[in-house]
2 protein chains.
Amino acid sequence: MSKTALIPIADGSEEIEAVTIIDVLRRAGVEVTVAAVNSGKSLQIRGAHGLEITADCSLDNCTDKPWDLIAVPGGIPGAEHLADSQPLEILLRTQVQQGKLFAAICAAPALVLGSKGLLQEKIATGHPMFQQNLDAKELNSESRVVVDGNCITSQGPGTALDFALELVEQLCGLVKREEVSSPMVLTTSATAYY
Amino acid sequence: MSKTALIPIADGSEEIEAVTIIDVLRRAGVEVTVAAVNSGKSLQIRGAHGLEITADCSLDNCTDKPWDLIAVPGGIPGAEHLADSQPLEILLRTQVQQGKLFAAICAAPALVLGSKGLLQEKIATGHPMFQQNLDAKELNSESRVVVDGNCITSQGPGTALDFALELVEQLCGLVKREEVSSPMVLTTSATAYY
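Let me sum up the structure you'll find in this document. Remember, predicted model here, so these are calculated numbers, not experimental data.

**Digging into the relation of the copies chain A and chain B**
With an RMSD of 0.0 Å, the operation that places chain A on chain B is a rotation of 180 degrees combined with a shift of 0.0 Å along the axis. On this basis, the relationship between the two copies can be described by a two-fold rotation axis. Relative to the rotation axis, the C-alpha of Ile 53 of chain A is the closest in chain A, positioned 2.3 Å from it. The fraction of interface residues of chain A whose copies in chain B are also interface residues reaches 100%, indicating that both copies meet through the same surface.

What follows is the structure, given as structure tokens:
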């Protein structure tokens, strides 16, 4: 059976982070649900840089099923909206309690996880601007991606692809990660100018 | 005055590539227009991995103004749909004739530029699967990004961020590129496991 992943998004979510997670997990065959956290009924959100993305469903419809992974994108005010969502908090607490995978990138480790005490037993990272508010057991400020058991955190748009591939590895194993990353062309040489 | 960039998208466009170009150019203050290439009137496209993105307008409404840059994302069948668009072909030929910036990534250098003879005087790259059909003056198969005068090409999702930052550098200069790339966190260390 396919692994399942929940990706909550809101107005002001960082587009590269949200889309890279969704795209890469789907390349791995993970059953990805993109869930809108909205005050209204609309499934459409406008990202931090003005791009309109349509979610698969409302987060309110995602609370009664188990998820193999919940991965939270950053962006301001996207991560603030996600932090305000009580259904998302309940879902994340369930992941932590059940030892299942939970992940966040950029502003989200501090704003969505740390602010709720969900990093107090974890070594974690986040965007340099939000590292001092991480409220983790220990901050790793250097690494692109930090994996501490079932908790995966990362720093920002420039680390989103490594983060997404790490999610694939944790959900589906190293062989699947390599199968996904190979056609994405990660190992090319530096830019050439003529 | 702001620089202007046209990003055409279609059903089956590669989401990471399209979104990274849009996001990064907007971070640089470029006036980005996301234009749908659709048979119908809808501005909504469904990307290669099922994500619904809403364009700013139809490409049909973009043909009567000048663009500082046209950048074409890859993805299958997205790049095929873009290759079939006569308005896009006219716009790209205008860029070439006027010596203005034109760019493509992944399947798009071969399918959208090479197939129309627009790379015959250029050194270029593209996705490894499409390099043999590139029809360029010379193939550079190694580099993440290739800049030959006003033509910028790149290989795939894993090189999309470097490609987008190169577009910023070509449009707005190196200082702006560094201003944009710094908070995106590109220079962090390898993944840490605990």
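There's more to say after this.
**Regarding the packing of helix α1 (residues 15-27) of chain B against helix α5 (residues 160-172) of chain B**
Residue and element names in this part refer to chain B. Running from N to C, α1 and α5 point in directions that differ by 35 degrees, and their axes come no closer than 9 Å. For the crossing formed where α1 meets α5, the hand is right-handed. In contact with Ile 16, Glu 17, Thr 20, Ile 21, Val 24 and Leu 25 of α1, α5 contributes Ala 160, Leu 161, Ala 164, Leu 165, Leu 167 and Val 168. When its residues are assigned to classes, the contact of α1 with α5 shows 10 nonpolar, 1 polar and 1 charged.

**Focus on the interface of chain A and chain B**
Taken together, the 44 residues of chain A in the interface contact 44 residues of chain B. Looking at the side of chain A that touches chain B, the elements with two or more residues in it are α1 (15-27), β4 (52-54), β10 (145-148), α5 (160-172) and β12 (192-193) of chain A. With 8 residues, the single largest contributor to the side of chain A that touches chain B is α1 of chain A. Taken together, the residues of the side of chain A that touches chain B sort by class into 19 nonpolar, 15 polar and 10 charged.

**Things to note about the pairing of strand β1 (residues 4-9) of chain B**
Residues and elements named next belong to chain B. Burial analysis of β1 places 5 of its 6 residues in the buried class, which makes it a mostly covered element. The pairing of β1 with strand β2 (residues 31-36) spans 6 bridges and is parallel. The partner of Pro 8 across the bridge, within β2, is Ala 35. At this point the chain moves from β1, through α1, to the parallel β2, and the crossover so formed is right-handed. Here 2 bridges tie β1 to strand β6 (residues 69-72), and the two strands are oriented parallel to one another.

**Topic: the pairing of strand β7 (residues 101-105) of chain A**
All names here are of chain A. The buried count for β7 comes to 5 of 5 residues, which makes it a mostly enclosed element. On β7, burial covers both faces: Leu 101, Ala 103 and Ile 105 on one face and Phe 102 and Ala 104 on the other are all buried. In the sheet, strand β6 (residues 69-72) pairs with β7 via 4 bridges, with the strands oriented parallel. Across the sheet, the residue bridging to Val 72 is Ala 104, located in β7.

**Structural notes on the sheet that holds strand β3 (residues 44-46) of chain A**
Taken in spatial order, the 4 strands of this open sheet run β3(A)-β4(A)-β4(B)-β3(B), and their pairing is antiparallel. A strand with exactly one partner marks an edge of an open sheet, and here the two such strands are β3 of chain A together with β3 (44-46) of chain B. This sheet shows a mean twist of 30 degrees between the axes of neighbouring strands, independent of strand direction. By the bridge criterion, 3 bridges tie β4 of chain A to strand β4 (residues 52-54) of chain B in an arrangement that is antiparallel. Its bridge partner being in β4 of chain B, Thr 54 of chain A is matched across the sheet by Glu 52 of chain B.

**Points about the sheet that holds β10 of chain A**
The strand order across the open sheet built from 8 strands is β5(A)-β2(A)-β1(A)-β6(A)-β7(A)-β11(A)-β10(A)-β12(B), with neighbouring strands paired in mixed fashion. Edge strands, defined here as strands with exactly one partner in the open sheet, are β5 (57-58) of chain A together with β12 (192-193) of chain B. In this structure, β10 of chain A lies alongside β12 of chain B, joined through 2 bridges in parallel fashion. Residue pairing across strands places Val 146 of chain A opposite Ala 192 of chain B, the latter belonging to β12 of chain B. Contacts from α1 of chain A reach β1 (4-9), β2 (31-36), β6 and β7 of chain A, with the element oriented near 165 degrees to β1 of chain A.

**Quick word on helix α3 (residues 86-97) of chain B**
All names here are of chain B. Taking 1.5 Å of rise per residue, 12 residues should cover 16 Å, and α3 covers 16 Å from first to last C-alpha, within 8% of that figure. Among all positions of α3, only Leu 88, Leu 91, Leu 92 and Gln 95 are buried. An end-on view of α3 places all buried positions within 95 degrees of arc, on one side of the element. In this structure, α3 carries Gln 86, Ile 90 and Gln 97 as exposed residues pointing more than 90 degrees from its buried face. Residues of α3 that are buried in the fold lie against β1, β6, α2 (78-83) and β7 (101-105).

**A look at the environment of Ser 141 of chain B**
Residues and elements named next belong to chain B. Within the element layout of this structure, Ser 141 appears in the loop between β9 (138-139) and β10 (145-148). What makes Ser 141 partly exposed here is the crowd of 14 C-beta atoms within 10 Å. Through-space distance from the C-alpha of Ser 141 to that of Gly 114 is 15 Å; in sequence the pair is 27 residues apart. Filtering out sequence-adjacent residues up to four positions away, Ser 141 remains in contact with Thr 125 and Gln 131.

**Quick look at the packing of α5 of chain A against helix α6 (residues 174-181) of chain A**
Residue and element names in this part refer to chain A. Taken N-terminus to C-terminus, the directions of α5 and α6 make an angle of 145 degrees; their axes are 7 Å apart at the nearest point. In this structure, α5 crosses over α6, and the sense of that crossing is right-handed. Facing α5, whose interface residues are Leu 165, Val 168, Glu 169 and Cys 172, α6 presents Leu 174, Lys 176, Arg 177, Val 180 and Ser 181. Considering only residue class, the contact of α5 with α6 consists of 5 nonpolar, 1 polar and 3 charged.

**Re unusual backbone geometry**
Pro 77 of chain A follows Ile 76 of chain A through a cis peptide bond whose omega is 10 degrees. Checked against the element boundaries, Pro 77 of chain A lands in the loop between β6 and α2 (78-83). In this model, Asp 135 of chain B sits at a positive phi of 55 degrees, which is unusual for a non-glycine residue. Mapped onto the elements, Asp 135 of chain B comes out in the loop between β8 (123-124) and β9. Here Val 185 of chain B, not a glycine, exhibits a phi torsion of approximately 65 degrees, which is positive.

Cut-offs used in this document
Residues numbered from 1 in each chain as written. Chains lettered and ligands numbered in written order. Predicted model: local features only at pLDDT ≥ 70, side-chain atom pairs only at ≥ 80, totals over all residues. Least-squares fit on C-alpha atoms with pLDDT ≥ 70 in both. Contact = placed C-beta atoms within 7 Å. Axes fitted to C-alpha atoms, helices over the stretch in contact; angles between N-to-C directions. Helix = DSSP H or I, 4+ residues; strand = E, 2+ residues; numbered from the N terminus. Left-handed = near helix turned anticlockwise from the far one by under 90°. Nonpolar A, V, L, I, M, F, W, Y, C, P; charged D, E, K, R; others polar. Buried ≥ 20, exposed ≤ 12 C-beta atoms within 10 Å, placed from the backbone. Pairing = 2+ DSSP bridges. Right-handed = clockwise from strand over helix to strand, strands pointing away. Expected span 1.5 Å × (residues − 1). Arc of directions from axis to C-beta.

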